[in-house]
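Summary of structural features
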Amino acid sequence: MNEQTVIEAKGLTKRYGGAVAVDAISFTVGRGEIFGLLGPNGAGKTTTILMLLGLTEISGGEVRVLGFNPAREPLSVKRRVGYLPDTVGFYDQLTAGDNLRYTARLIGFNKDEREKKIADALKRVGLADQIEKRVGTFSRGMRQRLGLAEILMKGAQIAILDEPTTGLDPHATAELLGIIRAFKAEGVSVLLSSHMLERVQSICDRVALFSGGHIALMGTVAELGREVLGGGFVVDIEADGAGLVERLALIPGVSGVERTGIGKLRLHADRDVRPEAANEVVAMQGRLKFLGVQEPSLEAIYTRYFESKRNEAAAAKEGTRHAA
Amino acid sequence: MRREGSAFAGLGVVTLKELSDHLTGIRMVIMEWIVVLMAVGVVYTAIQQIREVSAEDPFLFLRLFTRAREGLPPFVSVLSFLVPLVAIGIGFDLVNSERNQRTLSRILSQPIYRDALLFGKFLGGLITITVMLVALWLMVIGLGILTLGLPPGPEEVARALAMLGVTVIYAGVWLGLALLFSILFRSAATAALAALGLWLFLTMLWPLLSPYAAALFISDTVATPDDLLKHLGILQAFARISPGAMYGEIVGALLDPTVRSTQQPLLASLGLVLLQPGSVPGAPLPFLQSLLVVWPEIVAMIAGAIMLFVIGYVVFQRQEVRA
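Each value, and the rule that gives it
Residues numbered from 1 in each chain as written. Chains lettered and ligands numbered in written order. Predicted model: local features only at pLDDT ≥ 70, side-chain atom pairs only at ≥ 80, totals over all residues. Helix = DSSP H or I, 4+ residues; strand = E, 2+ residues; numbered from the N terminus. Buried ≥ 20, exposed ≤ 12 C-beta atoms within 10 Å, placed from the backbone. Contact = placed C-beta atoms within 7 Å. Rg over C-alpha atoms; globule rule 2.2 N^0.38 Å. Pairing = 2+ DSSP bridges. Axes fitted to C-alpha atoms, helices over the stretch in contact; angles between N-to-C directions. Parallel < 35°, antiparallel > 145°, perpendicular 65-115°, else oblique. Nonpolar A, V, L, I, M, F, W, Y, C, P; charged D, E, K, R; others polar. Left-handed = near helix turned anticlockwise from the far one by under 90°. pLDDT = per-residue confidence, 0-100.

1. Let's talk about the overall build of chain A
Looking only at helices and strands, chain A has eleven helices and 13 strands in total. Viewed in the frame of its principal axes, chain A has a C-alpha envelope of about 70 × 65 × 40 Å. Across the 324 residues in chain A, those meeting the buried criterion constitute 39%. Contacts in chain A between residues far apart in sequence, at least 24 positions, make up 68% of those at least 6 positions apart.

Laid out in structure tokens, this is it:
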């Protein structure tokens, strides 16, 4: 495990009786990386997270979190890792400040650093004015932010967030994602699980797609897009200038140019040709109004992948029927 | 392989949190009032009765705990009835409320072991009950001094303190049971109902049923005194399944210096008197001798509390954190 790896799982397995919840998964998370565990409910995401924290027993395989074994050294792991469970709960009868004070005492902060850390953390998640309010009056979004404040207060090196955006309105989601990005800016690694692909796509450096206890796909969203959707970049241009279509078609790697509207063009290419396209437009003294590359959508990747899996399975079934 | 660090890291923090939750909760206020009102009522009637009958009783003060006006239960009986209720009231939702509030996984992701959480909850509950019992005990003693107009002797204080200690242990048994049920049942209402059901069964029904259960193991012929004692031993063993019966035996011997054996009341109910070589029937025992008479029962009750806690502990350790 090198300096830059904070989580390393090898063949991690969890069995409940005879049922396999997590089946020999392997992945690594680097320092300062936002890593997404994606997949439908029941795919084994939460179980994986609990194993990383030493909160459930590991049936097989190996895992290292910041160099510690969560099964044997849970306190060392839990001291350095912050966890936001799905639908996080707080003591409703206590104030936000008191809830964090309890956690701070459990972590072992002394009184002076406790108050300062709590005030700082609440300020950063925008709850500074709510410190004396009972958590019972909090909305879901505020509870999630309070959960993030707890991780901030802890000074965690890794933040593990289980379904952080589920059940939040768009505004609250945006706020939450902003805080999560700030984690990354501070060098905190983030491992987050979600089934809301669109949201996750915007902040994850790498993702792992879970399916039935396996990791079906892993990599950056672009990599997965190429792998599943069959490569190809789509670049949209809005510009004017005569003969632009012909000039753009000559850029190496461009396989086709189509008109999508007045002054709107779409390039199909095998790589990101935005710099070259911009050059061409400028060279022709055209006015460039818009230039954008269509990121492959995680949703499309996901749907396509599981469709193809289903088709394969169906085909295999068909095959056996024919054989019989 | 040993796991790292202390199992009790965070124990003090959890205990203090539990204690403050209990002491500030509405539930606690209700239970305090129930206990205080009943105690005042019982002591008041006990004092009336004591004034009527006892002129020259050397252990007058202890009668506060064991006597009452006709038709009313004495103080210790009220305690043996109320303490389980308070313990269940405190313990029935200790663990399942953490689950239902979804705080369990968040708390357990802090650098503490489950041991500390569970033990802290038990300890917090027990300290709460102890505070309540000490207050009650002081109130009874205080009322006694005021109304009887004489201070208790050192022997009486020692016996009353021992009774207090045993009452705390007795509360520990029921708190252990309530804690176990709060681990077993995810719903707090189910846990409360199950604990109260068992409490009703053990305090109301079991005293009636246990002689019949014991009868299955008793031979019909009672020829020698030894047979009789064996017979009584079996009866007692079955009755003691109820912690209330055990508690009654212990405080009976602690508060009444003339009790030389826990079988004495049973013998008395048969019209018999226990004679021991070299002793005068009815003569008071010194405090330590009284303590020795019921020492096995006290140890058994401590063991019961520990056993219930350990069962809960094992179940809790094996439970999954997620809801």
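Additional details are given in the paragraphs that follow.
2. A look at the overall build of chain B
Each helix and strand counted, chain B has 13 helices and zero strands in total. For chain B, the N- to C-terminal ordering of α and β elements is α-α-α-α-α-α-α-α-α-α-α-α-α. Scaling as 2.2 N^0.38, a compact globule of 323 residues should have a C-alpha radius of gyration of about 20 Å, and chain B matches this with 22 Å. The 323 residues of chain B split such that 40% are buried. For chain B, restricting intrachain contacts to residue pairs at least 6 apart in sequence, the fraction spanning at least 24 positions comes to 80%.

3. Focus: the sheet that holds strand β9 (residues 214-219) of chain A
Residues and elements named next belong to chain A. Reading across the sheet, the six strands line up as β5-β6-β7-β3-β8-β9 and stay open at both edges, with mixed pairing between neighbours. Each of the sheet's edge strands pairs with one partner strand only, and the pair in question is β5 (81-84) and β9. Strand-to-strand twist of the sheet, defined as the mean angle between neighbouring strand axes without regard to direction, takes the value 15 degrees. Where strand β8 (residues 206-211) lies against β9, five bridges are found, and the strand directions are antiparallel.

4. Observations regarding the packing of helix α8 (residues 154-184) of chain B against helix α11 (residues 243-255) of chain B
Residues and elements named next belong to chain B. At a minimum axis separation of 9 Å, α8 and α11 run at an interaxial angle of 170 degrees. Judged on the interaxial angle alone, α11 and α8 are roughly antiparallel. Taken together, the residues of α11 that come into contact with α8 (itself represented by Arg159, Ala162, Met163, Val166, Tyr170, Val173 and Trp174) are Pro243, Tyr247, Ile250, Val251, Leu254 and Leu255. Each residue belonging to the contact of α8 with α11 can be placed in one class, and the counts come to twelve nonpolar, no polar and one charged.

5. Things to note about the pairing of strand β12 (residues 264-269) of chain A
Residues and elements named next belong to chain A. What you see with β12 is a clean split: Leu265, Leu267 and Ala269 sit on the buried side and Lys264, Arg266 and His268 on the side with no burial. By the bridge criterion, six bridges tie strand β10 (residues 233-240) to β12 in an arrangement that is antiparallel. Looking across to β12, one finds that glutamate 238 is bridged to lysine 264. Bridge count for strand β11 (residues 254-261) against β12 is six bridges, and the pairing is antiparallel. Pairing of arginine 259 across the sheet is with leucine 265, part of β12. Joining the antiparallel neighbours β11 and β12 is a turn of two residues, in which glycine 263 adopts a positive phi near 70 degrees.

6. As for unusual backbone geometry
Phi angles above zero are rare outside glycine, and alanine 24 of chain A is one such case at about 45 degrees. One can find alanine 24 of chain A in strand β2 (residues 19-30). Despite not being glycine, arginine 102 of chain B has its phi angle at roughly 60 degrees, a positive value. With respect to the secondary-structure elements, arginine 102 of chain B resides in the loop between α5 (96-100) and α6 (104-108). On the basis of neighbour count, arginine 102 of chain B is assigned to the partly exposed category, with 17 C-beta atoms found within 10 Å.

7. Considerations on the interface of chain B and chain A
On the side of chain A, 24 residues touch chain B, which itself brings 21 residues to the contact. Elements with a minimum of two residues in the side of chain B that touches chain A: α1 (11-24) and α6 of chain B. The element best represented in the side of chain B that touches chain A is α6 of chain B, accounting for three residues. Here the residues of the side of chain B that touches chain A sort into seven nonpolar, seven polar and seven charged.

8. Let's talk about the packing of helix α4 (residues 111-124) of chain A against helix α5 (residues 140-154) of chain A
Residue and element names in this part refer to chain A. Direction vectors running N to C along α4 and α5 enclose 135 degrees, while the axes themselves pass 8 Å from each other. In terms of orientation, α4 and α5 fall into the oblique class. Considering only the axes of α4 and α5, their crossing is right-handed. Between α4, through Lys117, Ile118, Ala121, Leu122 and Arg124, and α5, the contact on the second element is made entirely by Ala149, Leu152 and Met153. For the contact of α4 with α5, the class distribution of residues is six nonpolar, no polar and two charged.

9. Some words on the confidence of the model for chain B
Residues and elements named next belong to chain B. Residue-level pLDDT values for chain B average 87, and 97% of them are 70 or greater. Element-level pLDDT for chain B is lowest in helix α12 (residues 264-269), with a mean of 74, against a maximum mean of 95 in α8. Under the prediction, the complex receives an ipTM of 0.86, its pTM being 0.86.

10. Thoughts on the environment of alanine 269 of chain A
All names here are of chain A. Relative to the assigned elements, alanine 269 resides in strand β12. Alanine 269 sits 36 residues away from phenylalanine 233 along the chain, and the two C-alpha atoms are 5.2 Å apart. Among residues more than four places away in sequence, those in contact with alanine 269 are Phe233, Val235, Gly253, Val254 and Ser255.

11. With respect to the environment of proline 152 of chain B
Residue and element names in this part refer to chain B. Mapping proline 152 onto the fold places it in the loop between α7 (114-148) and α8. Along the sequence, proline 152 and proline 58 sit 94 residues apart, while their C-alpha atoms lie 9.9 Å from each other. Not counting chain neighbours up to four residues away, the residues in contact with proline 152 comprise Phe61, Ile141 and Val157.

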